[in-house]
Amino acid sequence: AQKVTQAQTEISVVEKEDVTLDCVYETRDTTYYLFWYKQPPSGELVFLIRRNSFDEQNEISGRYSWNFQKSTSSFNFTITASQVVDSAVYFCALRPAGNKLTFGGGTRVLVKP
Amino acid sequence: GAVVSQHPSRVICKSGTSVKIECRSLDFQATTMFWYRQFPKQSLMLMATSNEGSKATYEQGVEKDKFLINHASLTLSTLTVTSAHPEDSSFYICSASDGRGAFFGQGTRLTVV
């Protein structure tokens, strides 16, 4: 069975602070994909990143960065110099070979001006 | 690329009526489409998986006669909530996959009065 755990339900920061969202996953598959999505108040899910299980390189995209640690089954996401527009719910998700996404519970990020 | 269009974005219907939600992949062929339901402040719950031309596979606890899914082409899937009741009020969101990524529609907020 697949499982994704986002231990932080809500994080509140002041603008320009960095914020790191934790994601821990469980799967028996050796081939899988990990995702992060952003869900703003409007509801749509915005794709942020996909990482496959064989690629442990960390990635940076603008103010976003991701740290994939296969040894600890974690795929953490950091927003650097947060902005008010970053306020949203962020979901980590796992997709093994079976093509079905399993979502974590989500972390609500509130960035205050 | 990878645009998924979901319509309508918001619908209010009377109890006992049926509501159809459309999900279209605009610039790619979706071999698989997924339908999710999201309750307020909760994660996405997978309702069913559909492959073009075949019957949908429903998750445990989801009534297939209540939530009719049709995946008639590689670019269109529909979810019909039959004989809707107030407890069916929720946010429904579809996802289309081409085998590599999973891309989401804008979601449909259904309110049954």
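Residues numbered from 1 in each chain as written. Chains lettered and ligands numbered in written order. Predicted model: local features only at pLDDT ≥ 70, side-chain atom pairs only at ≥ 80, totals over all residues. Heavy atoms only, no water.

Chemist: Sorry if this is basic, but what is going on with the state of the cysteines here?
Modeler: Think of a disulfide as a covalent bridge from one cysteine sulfur atom to another cysteine sulfur atom. All names here are of chain B. With the rule as written, the count across this model stands at two disulfides over all chains. Two residues, C23 and C94, share a disulfide whose sulfurs are 2.0 Å apart. Disulfide C23 to C94: torsion about the S-S bond roughly 80°, handedness right-handed. Here C23 is found in strand β3 (residues 19–25), whereas its partner C94 is found in strand β9 (residues 90–97), with 71 residues between them in sequence. Look at C23 and you get buried, because its relative accessible area is 0%. In this structure C13 is a free cysteine whose sulfur lies 18 Å from that of C94, the closest cysteine sulfur available. For C13, a relative accessible area of 8% gives the class buried. (Disulfide = S-S within 2.5 Å. Helix = DSSP H or I, 4+ residues; strand = E, 2+ residues; numbered from the N terminus. Buried < 20%, exposed > 50% of the residue type's maximum accessible area, 1.4 Å probe, protein only.)

Chemist: Would you mind showing me how to read the interface of chain A and chain B here?
Modeler: Note on interface size: it is often stated as the accessible area lost on association of the parts. Opposite the 16 residues of chain A that make contact, chain B presents 21 residues. A combined buried area of about 1400 Å² lies between chain A and chain B, and 53% of that area is made up of carbon and sulfur atoms. For K100 of chain A, the salt bridge is made with E59 of chain B, and the minimal N-O distance between the two is 3.0 Å. Elements with a contribution of two residues or more to the side of chain A that touches chain B: β5 (32–39) and β10 (88–96) of chain A. By residue number, the principal contributor to the side of chain A that touches chain B is β5 of chain A, which donates three residues. (Contact = heavy atoms within 4.5 Å. Buried area = accessible area lost by both parts, 1.4 Å probe. Salt bridge = Lys/Arg side-chain N within 4 Å of Asp/Glu carboxyl O.)

Chemist: Honestly, the sheet that holds strand β8 (residues 76–81) of chain B in this entry has me stumped. Any pointers?
Modeler: Pairing between sheet strands relies on hydrogen bonds along the backbone, with the strands arranged either parallel or antiparallel. Residue and element names in this part refer to chain B. Taken together, the four strands give an open sheet; going across it, the order is β1-β3-β8-β7, and neighbouring strands pair in antiparallel fashion. The sheet terminates laterally at β1 (4–7) and β7 (67–73), the two strands that pair on one side only. Averaged over all adjacent pairs, the angle separating strand axes in this sheet is 15°, with direction ignored. Bridge count for β3 against β8 is six bridges, and the pairing is antiparallel. Considered in β8, the bridge of K20 is made with T80. (Pairing = 2+ DSSP bridges. Axes fitted to C-alpha atoms, helices over the stretch in contact; angles between N-to-C directions.)

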